[in-house]
Amino acid sequence: MSDIEIIDLTPENIANYGVCGYKNVKKHIELRRKIEWFKEYYPKGLRIKIIFLKKGGYQGMLEYIPGKYAHRPVDAEGYMFIHCVFVGFKKEFKGKGYASSLIEECIKEAKKAKMKGVTVVTRKGPFMAHNDIFLKKGFQMVDNAEPDFELLVKKFDAKSKNPKFKSSMTNSLKKYGKGLTIIRSAQCPYSEKNVNAIMETAKNKLSLKANIVDLKDSNAVQNTPCAFGTFCIIYNGEIISHHPISNTRFENIMKKKIK
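Residues numbered from 1 in each chain as written. Predicted model: local features only at pLDDT ≥ 70, side-chain atom pairs only at ≥ 80, totals over all residues. Heavy atoms only, no water.

A. Geometry of the pattern of salt bridges. With the rule as written, the count across this model stands at eleven salt bridges. Linking E63 and K34 is a salt bridge whose minimum nitrogen-to-oxygen distance equals 2.7 Å. Of this pair, E63 sits in strand β3 (residues 57-66) while K34 sits in helix α2 (residues 29-41); the two residues are 29 residues apart in sequence, bridging distant segments of the chain. Residue E63 shares its accessibility class with K34, and that shared class is buried. One salt bridge in this structure joins D214 and R184, with 2.6 Å as the shortest N-O distance. Placement of the pair is D214 in strand β11 (residues 210-214) and R184 in strand β10 (residues 180-184), with a sequence separation of 30 residues. (Salt bridge = Lys/Arg side-chain N within 4 Å of Asp/Glu carboxyl O. Helix = DSSP H or I, 4+ residues; strand = E, 2+ residues; numbered from the N terminus. Buried < 20%, exposed > 50% of the residue type's maximum accessible area, 1.4 Å probe, protein only.)

B. Quick peek at the sheet that holds strand β6 (residues 117-123). Spatially, seven strands are ordered β1-β2-β3-β5-β6-β8-β7 in an open sheet, and the strand pairing comes out mixed. Strands at the two margins of the open sheet, each flanked by one partner only, are β1 (4-9) and β7 (140-145). The sheet shows a mean angle of 25° between the axes of neighbouring strands, direction not considered. In the sheet, β7 pairs with strand β8 (residues 149-155) via five bridges, with the strands oriented antiparallel. Within β8, the residue paired with Q140 across the bridge is V153. In the packing of α2 onto the sheet, contacts are made with β1, β2 (47-53), β3 and β5 (80-87), and the angle to β3 comes to roughly 45°. Helix α3 (residues 98-112) rests against β1, β2, β3, β5, β6 and β8 of the sheet, and its axis sits at about 145° to β2. (Pairing = 2+ DSSP bridges. Axes fitted to C-alpha atoms, helices over the stretch in contact; angles between N-to-C directions. Contact = heavy atoms within 4.5 Å.)

C. Spotlight on the nonpolar core. In terms of nonpolar packing, the biggest core is built from 36 residues, with V74, V121, F149, F165, I233 and F250 touching the most fellow members. Put simply, the parts of the chain that give this core at least two residues each are β8, β10, α6 (193-204), β12 (231-235), β13 (238-241) and α8 (247-257). No other element matches β12, which puts five residues into this core. Listed in part, the 22 residues of the second largest apolar core include L62, I82, V87 and Y98. (Core = buried A, V, L, I, M, F, W, Y, C linked by side-chain atoms within 4.5 Å.)

D. Representation of the packing of α6 against α8 within the structure. Contact geometry for α6 and α8: axes closest at 9 Å, N-to-C directions at 35°. Viewed along their axes, α6 and α8 form a crossing whose handedness is right-handed. Packed against α6, whose contacting residues are A197, I198, T201 and A202, the element α8 presents N247, F250 and E251 at the interface. Tallied by class, residues from the contact of α6 with α8 come to four nonpolar, two polar and one charged. (Left-handed = near helix turned anticlockwise from the far one by under 90°. Nonpolar A, V, L, I, M, F, W, Y, C, P; charged D, E, K, R; others polar.)

E. Spatial organisation of the state of the cysteines. Using the criterion set out here, one finds zero disulfides in the structure. Considering cysteine sulfurs only, C20 is the nearest to C84, which forms no disulfide, with 5.7 Å between them. Accessibility expressed as a relative area gives 24% for C84, which makes it partly exposed. C20 supplies the cysteine sulfur nearest to C188, a cysteine that is in no disulfide, at a spacing of 7.0 Å. Note on C188: relative accessible area 6%, which makes it buried. (Disulfide = S-S within 2.5 Å.)

The analysis is restricted to geometry; functional conclusions fall outside its scope.
Shown next as structure tokens:
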């Protein structure tokens, strides 16, 4: 094995490497849910590539899928869509160009598949890549969504129609006008342990019943009210978290909402 490898995860080997820091299939339901989701979408073009270092092990990943099946509320059919990219579980492996190498692999595959280009949602806030690495690689911002989400694209043909955020997001939010709702998808593994704790807090400390919406497929995700797509928390028609949060963070938010 060379010092640095880019490894393609498959339904056969994903359990050997894990995802997003979860490595133990028996211990982590988050990983089991992610693997089942991966197996469902792998035949549809979902791919996960990881950076594996001889002296550092698993230190980065990139996940992408044809835009038709994107797990964000976007119109991106014909494009390859990047769900997430992360490098450096340990700080010493950040800033080495590994993320750029992973993105290049995605671009190559999109060209090989004769797609229109590659697109991705970034944000200034937490839990998602910032736009800087993509801008350096020739991506351009073509749309935005509240509070700080941006849709970027690298088109292979300038004449291709731009991808865009779904215009239905505002109307989708109207369905959750009363009470507490947590929306989640197995695409994001950080939506199991903390959600259980949040539900307990809502019930026992706030006397609220949390309604859980488990998004079953890409179509359901593409019709969510939040640009993050695979997770959000809504209280009385207002999105109070656009990404997975801790139970402590949830309590602090709700203390300001319930007086």
